[in-house]
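So you can see what is in the structure, the chains are spelled out below.
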Amino acid sequence: MKHGIATVSLSGMLREKLKAAAAAHFDGVEIFENDLLQYPGSPREVRRICDDLGLNIDMFQPFRDFDGTTAAQVKRNLERANRKFDVMAELGTPLILVCSNVQPDALSDPNLLAEQFHQLAELAGKRGMRVAYEALAWGSKVKLWSQAWEVVQQVNHPSFGLALD
């Protein structure tokens, strides 16, 4: 069994968090985006640090508020996803965590959500990446794992799955 920890669960700056995870004998880490944004180096440098410490980068997280209420918003969010996939490629991780939307105008229709997430899964799959969808308890519409699971089943794509936390 492998053990991992999210960097958001550790205190300090990213380099210290990675050293702490390695010292505690974790096999891998989930890189929290805010930790990466505050780090003065590149994602590729973070990957080298993890390699030197013997840590896998298991996931990049979170990608927030993906689903959109307009076609233009969906297009922007897919462009945003591509930029995140670029970062993931530098980090050397194939998995991203997408949380359910917390905005008041979030979608609640599982068919519309599935349509949009299918587009995201297609983008991820073309790059050899995968998406894990997590229902946040504080999500504005999708709050339960069963709601997220309904979307995952409708998307029915090998690059799209459910995250349970």
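Thresholds applied
Residues numbered from 1 in each chain as written. Predicted model: local features only at pLDDT ≥ 70, side-chain atom pairs only at ≥ 80, totals over all residues. Heavy atoms only, no water. Buried < 20%, exposed > 50% of the residue type's maximum accessible area, 1.4 Å probe, protein only. Helix = DSSP H or I, 4+ residues; strand = E, 2+ residues; numbered from the N terminus. Pairing = 2+ DSSP bridges. Axes fitted to C-alpha atoms, helices over the stretch in contact; angles between N-to-C directions. Parallel < 35°, antiparallel > 145°, perpendicular 65-115°, else oblique. Left-handed = near helix turned anticlockwise from the far one by under 90°. Contact = heavy atoms within 4.5 Å. Nonpolar A, V, L, I, M, F, W, Y, C, P; charged D, E, K, R; others polar. Core = buried A, V, L, I, M, F, W, Y, C linked by side-chain atoms within 4.5 Å. Phe/Tyr/Trp six-rings, centres within 6.5 Å; stacked < 30°, edge-to-face > 60°. Lys NZ or Arg CZ within 6 Å of the ring centre and 35° of its normal. Salt bridge = Lys/Arg side-chain N within 4 Å of Asp/Glu carboxyl O.

Trainee: Quick rundown of the pairing of strand β3 (residues 56–63)? Include the residues and the values.
Mentor: Here β3 lies mainly inside the structure; six of its eight residues are buried. Alignment of strand β2 (residues 28–32) against β3, held across five bridges, turns out to be parallel. Bridge pairing in β3 places valine 29 opposite isoleucine 57. The pairing of β3 with strand β4 (residues 95–99) spans two bridges and is parallel.

Trainee: Describe the packing of helix α1 (residues 14–23) against helix α3 (residues 43–53), naming the residues involved and giving the relevant values.
Mentor: At their nearest, the axes of α1 and α3 sit 10 Å apart, and the two run at 25 degrees to each other. Of the possible angle classes, the one that applies to α1 and α3 is roughly parallel. In the packing of α1 onto α3, the handedness of the crossing is right-handed. Along its contact with α1, which presents Leu14, Arg15, Leu18, Lys19 and Ala22, the element α3 presents Glu45, Val46, Ile49, Cys50 and Leu53. Residue classes in the contact of α1 with α3 are distributed as seven nonpolar, no polar and three charged.

Trainee: Describe the nonpolar core, and please don't skip the residues or the numbers.
Mentor: The nonpolar side chains of a soluble globular protein tend to be buried, and buried together. Among the nonpolar cores identified, the biggest contains 43 residues, and Val46, Phe117 and Leu120 are the most heavily contacted of them. If we ignore the near neighbours within four places in the chain, the residues touching phenylalanine 117 are Phe66, Val98, Tyr133, Val151, Val155 and Phe160.

Trainee: Provide a residue-level description of unusual backbone geometry, including the pertinent values.
Mentor: Each neighbour pair has its own omega, and for glutamine 61 with proline 62 the value is -15 degrees, a cis peptide bond. Backbone geometry places asparagine 156, a non-glycine residue, at a positive phi of 50 degrees. Checked against the element boundaries, asparagine 156 lands in the loop between α6 (145–155) and β6 (160–162).

Trainee: Explain the packing of aromatic side chains residue by residue, including any values.
Mentor: Counted by the stated rule, this structure contains five aromatic pairs. Ring geometry for phenylalanine 63 against phenylalanine 66: centres 5.8 Å apart, planes inclined by 75 degrees, an arrangement best described as edge-to-face. Here phenylalanine 66 falls in the buried class, since its relative accessible area comes to 1%. These aromatic residues form a ring-pair network of at least three members: Phe63, Phe66, Phe117, Tyr133 and Phe160. Directly above the aromatic system of phenylalanine 63 lies the positively charged group of lysine 84, at a separation of 5.3 Å from the ring centroid.

Trainee: Please provide a residue-by-residue account of the pattern of salt bridges, values included.
Mentor: Under the criterion given, the structure shown has five salt bridges. The shortest N-O distance in the salt bridge between aspartate 86 and arginine 127 comes to 2.6 Å. Of the two residues, aspartate 86 sits in helix α4 (residues 71–91) while arginine 127 sits in the loop between α5 (110–126) and β5 (130–134), which places them 41 residues apart along the sequence.

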